[in-house]
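Reading the structure
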Amino acid sequence: MKDLKSLAKKYWYSAAILLLFLIAVFLRVYRLESLPDVLHIDEAGLGYNAWCLAHYGTDRYLNVRPFYPQNFYGGQSPLYTYLLALLIRTVGQGNLSLTLLKIPAVLASLLLFFVGTKSIRLVFDDQKWSIAAFLLAVCPYYIMSARFALDCNLMLCCSAVALLFLIRFTQTKTLRNLILSGVFFGITMYSYALSYFLIPIFLICISLYLLYTKEISFRRVLLWAACVCITALPVILFVCSLLFHWETIHFLGLTISPIASERMSDVGVTSFWENIKDIIKITLTCGSYRLDAVPKFYTLYPLSIPFIVLGFIGAVYSFLVSLYKRTFQADSIYLLFFLSGLITIGLSGSGYVYRANSFFICYLFFLIKGLFLCCRFLSSYHTGFMLLLSAGYLLWCISFCSFYFRVYTMTDVCPNYLYSISFRECVDDVNLNLDYADLYVDLVNMKEFFFFYYPASPYDTQDEETFTDGIHTYHFLTDYSTKISPSSVYVVYKKNNEFLQNLSESGLAYQTWEYPYYYVIYFE
């Protein structure tokens, strides 16, 4: 019995982390293909771009191996797109699916679970703060952001890894950790365009702080900067092409050209404080984008907000004390990273939580810091306080999971140019059972939704409104002006009243197959 108790005491932390990791895996992969129950247009564009790159070496606009794949009038960050292309070539054996599309997001979220847990343990030097692992496993934002393929969400994981190695460097002073930190900060710049501002601002601030507190030498700062620049050299060339309107550059097999150069015009200071106030509000509660946060549950549960605020105040105090005493405080790393993110959002503007996804490693730290301060204040009552708090989080988690996996839906916003409900079953049944010349699919004129499910050579899909596979012609707009022909078949969203009224007034006799959200309409 004594041996059993000693083993339990020795391995309790590892067992707890493993259990929480399994919970995290389940909450990220359960019903992954069907929840969220819509496909976002950026997901569709990213998936089709990755498929085209995997098969033809171009994006869907025929840009050859672009560093910054084109997406409508802008672009998408290369890290997610090329990771997905690699998965299509290997795991998918050339095929694209909703599950495969989301795998990079899931893997990044699971990596964040370990990185965030390890970072908190290093900073607080205490295993009892494994509550960080619990929060990473069950808080809404960490779950929801892993379940849809928004390319910019990889910035959170990449920056968290870079910050972890930076913390390790401040504790060990080993060159290896400094180099790895620089490399991952460089990799972060492939994840989202806002990192082009965030990372340089942070590196300047933290370098000055580390030099001031004598945690690093100037020579090592230069080496660190060199690691970042070498890793992010294609990014630097791309930014230069945007700023100085350079001609196309071919570098390491990639084509670097100033795609989406008009996005630089978003930068400004006219709404700086309004932008900051707005982003703090929506990242602590929720915004209009219901794929990464919902009302009532918020991003990290309402229970977390006072502790995050307290932790932020505590981090500011520690930072000021460290400046006064000229001694390093690990709190300052997260505080300066958060403030760098605020400056970035202040300059670029935001109305969406995902634009500030890097905040959520800082919020985790502030939350734990706030709990730490409360426990220190409560002294002998801290065990009861933590048990009560853990019970509160558990109840919130159960309520959220019940809502998310049983009630949550996005179908009420469909169809529009941003979201599409899967129409694949309808089209598959039509192709299997009907003979037709033309198929009209109710896609609000967004062909990317169609080519996500039925990818074709980008050399054959440049027409905006139709696609011909040699047998059938597919049309991507179905509305009141759509020609109604007995030789055609129509996949129509049930709420498309304009087309349905036009059909009823045509006087033609037709047959209907009914699906949860669509009608298939054909003529005998």
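Scoring rules and cut-offs
- Residues numbered from 1 in each chain as written.
- Predicted model: local features only at pLDDT ≥ 70, side-chain atom pairs only at ≥ 80, totals over all residues.
- Heavy atoms only, no water.
- Helix = DSSP H or I, 4+ residues; strand = E, 2+ residues; numbered from the N terminus.
- Rg over C-alpha atoms; globule rule 2.2 N^0.38 Å.
- Buried < 20%, exposed > 50% of the residue type's maximum accessible area, 1.4 Å probe, protein only.
- Contact = heavy atoms within 4.5 Å.
- Core = buried A, V, L, I, M, F, W, Y, C linked by side-chain atoms within 4.5 Å.
- Pairing = 2+ DSSP bridges.
- Axes fitted to C-alpha atoms, helices over the stretch in contact; angles between N-to-C directions.
- pLDDT = per-residue confidence, 0-100.
- Polar contact = N/O pair within 3.5 Å; in protein donor to acceptor, adjacent residues only side chain to side chain.
- Parallel < 35°, antiparallel > 145°, perpendicular 65-115°, else oblique.
- Left-handed = near helix turned anticlockwise from the far one by under 90°.
- Nonpolar A, V, L, I, M, F, W, Y, C, P; charged D, E, K, R; others polar.
- Salt bridge = Lys/Arg side-chain N within 4 Å of Asp/Glu carboxyl O.
- Phe/Tyr/Trp six-rings, centres within 6.5 Å; stacked < 30°, edge-to-face > 60°.
- Lys NZ or Arg CZ within 6 Å of the ring centre and 35° of its normal.

Structural notes on the overall build of the protein
For the protein, the count of helices and strands is 19 helices and twelve strands. Its C-alpha atoms give the protein a radius of gyration of 26 Å, within 12% of the compact-globule value 24 Å for 524 residues. Considering only C-alpha atoms, the protein reaches an extent of 85 × 60 × 50 Å along its principal axes. Scored against the burial criterion, the 524 residues of the protein give a buried share of 56%. Long-range contacts, defined here as pairs at least 24 residues apart, represent 72% of the contacts in the protein between residues at least 6 apart.

Details of the nonpolar core
Ranked by size, the top nonpolar core spans 182 residues in total, and within it Phe185, Phe202, Ile361, Phe423 and Phe450 carry the most contacts. If near-sequence neighbours (up to four positions away) are discounted, Phe423 is found in contact with Val441, Leu443, Phe449, Phe450, Tyr453, Tyr454, Val491 and Tyr518. Counting eight residues, the second-largest nonpolar core is a separate cluster that includes Tyr490, Phe499, Leu503 and Phe523.

Structural notes on unusual backbone geometry
Each neighbour pair has its own omega, and for Leu35 with Pro36 the value is 0 degrees, a cis peptide bond. Even without a glycine there, the phi angle at Lys173 is positive, about 65 degrees. Residue position: Lys173 is located in the loop between helix 7 (154-172) and helix 8 (175-188). For Lys173, a relative accessible area of 34% corresponds to the partly exposed category. The backbone of Tyr298 shows a phi angle near 60 degrees, a positive value even though the residue is not glycine. Tracing the sequence through the fold places Tyr298 in the loop between helix 12 (272-284) and helix 13 (305-325).

Quick look at the environment of Tyr393
Mapped onto the elements of the fold, Tyr393 is located in helix 16 (residues 382-406). Taking relative accessible area as the criterion, Tyr393 reaches 0% and is therefore assigned buried. Here the alpha-carbon distance between Tyr393 and Val161, two residues 232 residues apart in the chain, equals 26 Å. The residues touching Tyr393, leaving out its near neighbours within four places in the chain, are Phe134, Leu135, Leu300, Tyr301, Leu303, Ser304 and Leu367.

Overview of the sheet that holds strand 9 (residues 473-475)
One open sheet accounts for six strands, arranged 8-9-7-10-12-11; its pairing is mixed. Each edge of the sheet is formed by a strand with only one pairing partner; in this case those strands are strand 8 (466-468) and strand 11 (511-514). On average, adjacent strands in this sheet sit at an angle of 20 degrees to one another, irrespective of strand direction. Pairing of strand 7 (residues 438-441) with strand 10 (residues 488-493), which is carried by four bridges, proceeds in the parallel orientation. When the bridges of strand 10 are listed, Leu439 appears paired with Val489. Contacting strand 10 and strand 12 (518-522), helix 19 (residues 497-506) runs over the sheet at an angle of about 25 degrees to strand 12.

Let's talk about the confidence of the model for the protein
Of all residues in the protein, 96% have pLDDT values of 70 or greater, and the mean over the chain is 91. By mean pLDDT, helix 1 (residues 2-29) is the weakest element of the protein at 81, and helix 8 is the strongest at 98.

Topic: the side chain of Lys369
With respect to the helices and strands, the residue Lys369 is situated in helix 15 (residues 359-378). Within the structure, Lys369 has its side chain in polar contact with the side chain of Asp331 (distance 2.6 Å). Apart from residues no more than four positions distant in its own chain, Lys369 is found in contact with Phe124, Gly311, Gly314, Ala315, Ser318 and Asp331.

Re the packing of helix 2 (residues 41-56) against helix 3 (residues 78-89)
Packing of helix 2 against helix 3 leaves a shortest axis separation of 8 Å and a crossing angle of 55 degrees. The pairing of helix 2 with helix 3 is recorded here as oblique in orientation. Classified by chirality, the crossing of helix 3 by helix 2 is right-handed. Across the interface between the two elements, Leu46, Gly47, Asn49, Ala50, Trp51, Leu53, Ala54 and His55 of helix 2 pack against Tyr80, Thr81, Tyr82, Leu84, Ala85, Ile88 and Arg89 of helix 3. A class-by-class count of the residues in the contact of helix 2 with helix 3 yields ten nonpolar, four polar and one charged.

A few points about the pattern of salt bridges
Enumeration over the complete set of coordinates arrives at five salt bridges. One salt bridge in this structure joins Asp412 and Arg290, with 3.4 Å as the shortest N-O distance. Of this pair, Asp412 sits in the loop between helix 16 and strand 6 (419-420) while Arg290 sits in the loop between helix 12 and helix 13, and the two are 122 residues apart along the sequence. Relative accessible area serves as the criterion here: at 48%, Asp412 is assigned to the partly exposed category. Taking the relative accessible area as the measure of exposure, Arg290 reaches 25% and is therefore partly exposed. A salt bridge links Glu514 to Lys494; the shortest N-O distance between them is 2.7 Å. Residue Glu514 is found in strand 11, and its partner Lys494 is found in the loop between strand 10 and helix 19; the two are separated by 20 residues along the sequence.

Re the packing of aromatic side chains
Counted by the stated rule, this structure contains 67 aromatic pairs. Ring centres of Phe21 and Phe114 lie 4.8 Å apart, and the angle between their planes is 40 degrees; on these two criteria the pair is classed as tilted. One end of the pair, Phe21, is in helix 1; the other, Phe114, is in helix 4 (residues 98-124), with 93 residues separating them in the sequence. Positioned above the aromatic ring of Tyr13, the side-chain terminus of Arg121 is 4.6 Å from the ring centre. The ring of Tyr454 has Arg424 lying over it, and the distance from NZ or CZ to the ring centre is 5.6 Å.

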